[in-house]
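A structural walkthrough
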Amino acid sequence: MTRRNRILPLLLAGTFAVAGGTAWAVTQADDSAPDRPTTPPVPTGKVAAGTAPSGDTYTVSRLDPAQFKADPATWFCREIVTQAASSSACDPVADKNLEIDGQPLKPSFSLLGTNRFLTMLAPDRVASMELQVTGEDKTVTAKSVDAGALGTLFVAVVGGPQVTSRDPSTSRHYAVRLLGSDGQTLREITMSDPGQGE
Amino acid sequence: MARGLKDRYIVGLLALAFFVSSVAAALAVVGNTHTTNGVGHGVSNFLAGHTYVPLAWTDPPGTQGSTAEMRHYFSDGTFNVQCSSEAFGYTECAGDWGTAPCQKRYVGGTATLLSRHWMRSVDCSGQTHA
């Protein structure tokens with residue numbers, strides 16, 4: 001066997017190994033956190049519905065965390081649908097310090113048309129969640145809906161202006177307060193509408 | 001003669017392997033999606049009720065906070081936010097093509113990485129994701 005004949009099969013095997021390794025690397029997840037599903041997630045049950053401040057009806061439905069490769073013991077995945085738009089995301093169980101892998105806990109936020117939805121799994125010791133638009137006196141108390149083995153899912157919805165680059169004031173700020181059973185504020189979280197990034 | 005044939009056979013196999021791996025890599029990484037610094041993001045057309053809808057998504061590794069926002073641009077460069085979503089890990093939002101099917105734009109990413117991509121309906125010329 002010539003040297004050339006020995007090298008060519010090695011090159012062939014090496015090429016396949018590189019291709020296989022690349023394919024494996026780009027399809028692997030780092031952990032059990034939600035990843036993009038490979039097919040459209042199918043709702044497995046409605047958990048909340050109503051009429052949003054815009055007058056649009058909305059539904060919040062449970063999605064199987066397995067479709068996102070997330071651990072069902074620690075993640076609640078949901079879909080929110082309105083006539084204008086929809087969104088999907090997952091809410092994690094917070095640790096005793098109200099953190100997620102060292103990051104401060106905050107609700108998932110969806111802006112659908114002119115309606116703002118916030119969802120969060122109720123952490124231990126937290127009895128309710130309320131939301132206040134910065135600069136306004138009125139507060140909105142989140143609905144508490146059954147999240148099965150994961151406890152309670154808070155769902156809050158508030159209206160507002162259409163967020164547009166023509167008027168920066170349409171992007172508003174919010175104070176989210178997590179309250180204990182005695183009404184005491186255990187944690188305050190500030191959030192903002194999107195639309196201000198480049 | 002036989003040895004020359006064998007050499008050409010091996011070279012042909014090598015070329016075929018290179019071609020297949022290149023196509024596979026292109027399909028995995030490009031398509032309607034991108035991965036930058038380990039963060040997947042982009043747009044896609046999940047079939048929803050037999051209607052293709054514009055869908056913006058961000059898929060970071062682990063539990064990083066991520067955002068996905070879909071903007072509806074006007075000819076003067078201003079925009080309305082049609083939908084947005086913010087969460088730990090994967091997040092997405094979907095709207096409709098409305099009156100500007102060629103002027104939708106994804107903006108999203110993580111705290112350390114912002115990405116922007118035009119997305120276009122199948123009725124528009126050019127790429128569906130650019």
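Thresholds, definitions, all that
Residues numbered from 1 in each chain as written. Chains lettered and ligands numbered in written order. Predicted model: local features only at pLDDT ≥ 70, side-chain atom pairs only at ≥ 80, totals over all residues. Helix = DSSP H or I, 4+ residues; strand = E, 2+ residues; numbered from the N terminus. Buried ≥ 20, exposed ≤ 12 C-beta atoms within 10 Å, placed from the backbone. Contact = placed C-beta atoms within 7 Å. Pairing = 2+ DSSP bridges. Axes fitted to C-alpha atoms, helices over the stretch in contact; angles between N-to-C directions. pLDDT = per-residue confidence, 0-100. Core = buried A, V, L, I, M, F, W, Y, C linked by C-beta atoms within 7 Å.

**Quick word on the overall build of chain B**
Helix and strand counts for chain B stand at one helix and ten strands. Moving toward the C terminus, one meets the helices and strands of chain B in the order α-β-β-β-β-β-β-β-β-β-β. Taking all 130 residues of chain B together, the buried fraction comes to 36%. Contacts in chain B between residues at least 24 apart in sequence constitute 44% of all its contacts with a sequence separation of at least 6.

**Quick notes on the overall build of chain A**
Counting secondary structure elements, chain A contains one helix and 14 strands. For chain A, with 198 residues in total, the buried portion stands at 35%. Restricting the contact set of chain A to residue pairs at least 6 apart, pairs at least 24 apart contribute 54%.

**Some points on the pairing of strand E11 (residues 143-146) of chain A**
Residues and elements named next belong to chain A. Here E11 runs beside strand E12 (residues 152-158); their pairing, made up of four bridges, is antiparallel. Paired with lysine 143 across the two strands is valine 155, which belongs to E12. Where E11 folds back onto E12 in an antiparallel hairpin, the turn is made up of five residues, including glycine 148, whose phi is positive at roughly 65°.

**Considering the sheet that holds E11(A)**
Spatially, the eight strands line up as an open sheet ordered E11(A)-E12(A)-E8(A)-E7(A)-E7(B)-E6(B)-E9(B)-E10(B), and their pairing is antiparallel. Edge positions in the sheet fall to E11 of chain A together with strand E10 (113-119) of chain B, since each of these pairs with one other strand and no more. Taken pair by pair, the neighbouring strands of this sheet meet at an average axis angle of 20°, ignoring direction. Summarising the sheet, strand E8 (residues 115-121) of chain A and E12(A) pair through six bridges and their orientation is antiparallel. The residue bridging A:Leu121 from the neighbouring strand is A:Leu153, located in E12(A).

**What about the sheet that holds strand E2 (residues 57-63) of chain A?**
If you walk across this open sheet you meet the eight strands as E1(A)-E2(A)-E3(A)-E4(A)-E8(B)-E5(B)-E2(B)-E1(B), and the pairing is antiparallel. In the strand order of this sheet, the two ends are held by strand E1 (43-51) of chain A together with strand E1 (33-36) of chain B, each with one partner. Ignoring which end each strand starts from, the neighbouring axes of this sheet average 15° apart. Bridge count between E2(A) and strand E3 (residues 75-82) of chain A: six bridges; the pairing is antiparallel. Of the residues in E3(A), the one forming a bridge with A:Tyr58 is A:Thr82.

**Brief notes about the confidence of the model for chain A**
Residues with a pLDDT of 70 or more make up 85% of chain A, whose mean pLDDT is 89. Across residues 26-30 of chain A, confidence stays below pLDDT 50; counting only partners more than four residues off in sequence or on other chains, it has seven contacts.

**Structural notes on the nonpolar core**
If you look at the biggest cluster of nonpolar residues, it comprises 58 residues, and the most contacted ones within it are A:Cys90, A:Phe154, A:Val155, A:Ala156 and B:Ala56. Among residues more than four places away in sequence, those in contact with A:Ala156 are A:Leu118, A:Met129, A:Leu131, A:Val140 and A:Ala142.

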